[in-house]
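# Topology and contacts: notes
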Amino acid sequence: MILSDFDLKNYIYSGKLSIEPFDESIVRENGLDLRIGGRIARFKKIEKVIDVRLRDMEQYYVFEDVDDRGFIIYPREHILIHTVEYLKLPLDLMGFVNLRSSYARIGLTIPPTIIDAGFQGELTIEVVGGDLPVRLYPHDRFIHVVFAKLTSSVEKPYYGVYQGQKGVRIPIFK
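Residues numbered from 1 in each chain as written. Predicted model: local features only at pLDDT ≥ 70, side-chain atom pairs only at ≥ 80, totals over all residues. Heavy atoms only, no water.

Moving on to the nonpolar core. Among the nonpolar cores identified, the biggest contains 37 residues, and Leu123 and Phe142 are the most heavily contacted of them. Residue assignment for this core shows that the elements contributing at least two residues are helix 1 (5-13), strand 3 (31-43), strand 5 (71-73), strand 6 (78-88), strand 7 (93-99), strand 9 (120-128), strand 10 (134-136) and strand 11 (141-149). Here Leu123 is in contact with Leu34, Ile81, His82, Thr83, Glu85, Leu87, Val97, Ile115, Ile143, Val145 and Gln165, once residues within four sequence places are set aside. Among the nonpolar cores identified, the runner-up in size contains seven residues, and Ala41, Met57, Leu80 and Ile170 belong to it. (Core = buried A, V, L, I, M, F, W, Y, C linked by side-chain atoms within 4.5 Å. Buried < 20%, exposed > 50% of the residue type's maximum accessible area, 1.4 Å probe, protein only. Helix = DSSP H or I, 4+ residues; strand = E, 2+ residues; numbered from the N terminus. Contact = heavy atoms within 4.5 Å.)

A word on the layout of surface pockets. Where empty space is left in the structure can be found by rolling a water-sized probe over the atoms. Taken as a whole, the largest pocket holds about 430 Å³ of empty space. Contributing elements (two or more residues each) for the lining of the largest pocket: strand 8 (113-115) and strand 9. For the lining of the largest pocket, the leading source of residues is strand 9, giving four residues. Along the lines of polarity and charge, the residues of the lining of the largest pocket split into 12 nonpolar, three polar and three charged. Roughly 160 Å³ of volume is contained in the second largest pocket. (1 Å grid on protein atoms, 1.4 Å probe; cavity = no way out; pocket = protein on both sides within 12 Å on 5 of 7 lines; lining within 4 Å. Points joined across faces, edges and corners; volume = space filled by probe spheres on them. Nonpolar A, V, L, I, M, F, W, Y, C, P; charged D, E, K, R; others polar.)

Another aspect to go through is unusual backbone geometry. Look at the link from Glu20 to Pro21: it is a cis peptide, with omega at -10°. With respect to the helices, strands and loops of the structure, Pro21 is situated in the loop between strand 1 (18-20) and strand 2 (27-28). A positive phi angle is found at His139, which is not glycine, with a value near 75°. Positionally, His139 belongs in the loop between strand 10 and strand 11.

Okay, helix 1 next. Inspection of helix 1 places Leu8, Tyr11 and Ile12 among the buried residues, and these make up the whole buried set. Down the axis of helix 1, the sector holding all buried residues measures 95°, keeping them to one side. Away from its buried face, by an angle of more than 90 degrees, helix 1 presents the exposed residues Phe6 and Tyr13. Turning to helix 1, the residues buried within the fold contact strand 1, strand 2, strand 3, strand 7 and strand 11. Looking one or two residues beyond helix 1, the residue adopting positive phi is Gly15, at roughly 85°. (Arc of directions from axis to C-beta.)

In this section: the pairing of strand 6. Strand 6 sits mainly inside the fold: nine of its 11 residues count as buried. Summarising the sheet, strand 1 and strand 6 pair through three bridges and their orientation is antiparallel. Bridge pairing in strand 6 links Ile19 to Leu87. Two elements, strand 6 and strand 9, share eight bridges in a ladder whose sense is antiparallel. By the bridge assignment, Ile79 is partnered in strand 9 with Val127. (Pairing = 2+ DSSP bridges.)

This brings us to a nonpolar patch on the surface. A surface patch of nonpolar side chains, amounting to about 320 Å² of accessible area, comprises Phe43, Ile50, Val52 and Phe173. Summarising the element assignment, Phe173 is placed in the segment after strand 11. (Patch = residues over 30% accessible without salt bridge, like charges linked within 9 Å, V, L, I, M, F, W, Y side chains within 5 Å. Areas by Shrake-Rupley, 256 points an atom, 1.4 Å probe, with all protein chains shown as cover. Salt bridge = Lys/Arg side-chain N within 4 Å of Asp/Glu carboxyl O.)

Before going further, it helps to spend a moment on the environment of Phe63. For Phe63, the location among the structural elements is in strand 4 (residues 61-65). Each C-alpha atom, one on Phe63 and one on Phe43, is 8.9 Å from the other, the two residues being 20 residues apart in sequence. Sequence-distant contacts of Phe63, defined by excluding residues within four places in its chain, comprise Arg39, Ile40, Ala41, Glu58, Val168 and Ile170.

Rendered as structure tokens:
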């Protein structure tokens, strides 16, 4: 069952779904619009093979703080952004993350992303540039999360390497 705005508000105001900071304007008809945070990570321009067994993924990225002038995502560039909002999902909800359609219409994409039941943290989302450079701005509503109520609470809630993350988080392979 997909949650409506009415259901989402009930989850939020009852404290079952926690969102910090919360602004009622992010509640949409059937989901939440989350906003771009203030830090991004770009792949470095290197001719190096990414080895997923290396523990030091930072060597492949450069981090940038973003101010009100925003940042540019270049054609076919892959960057990581994070959300302003810190979420705490209950054990009976999961989320489907989608790019807001206005951004998709200018060529940006994100890969399929799921928020597991029991997850808590800011989201880190990969964004892929289209054919033209695009300037994005912090605090703009960027992704839309649709929440689904599970038929029962999960027995094994999410407790992976990204639990409790804040800011942009690069990949961690275990």
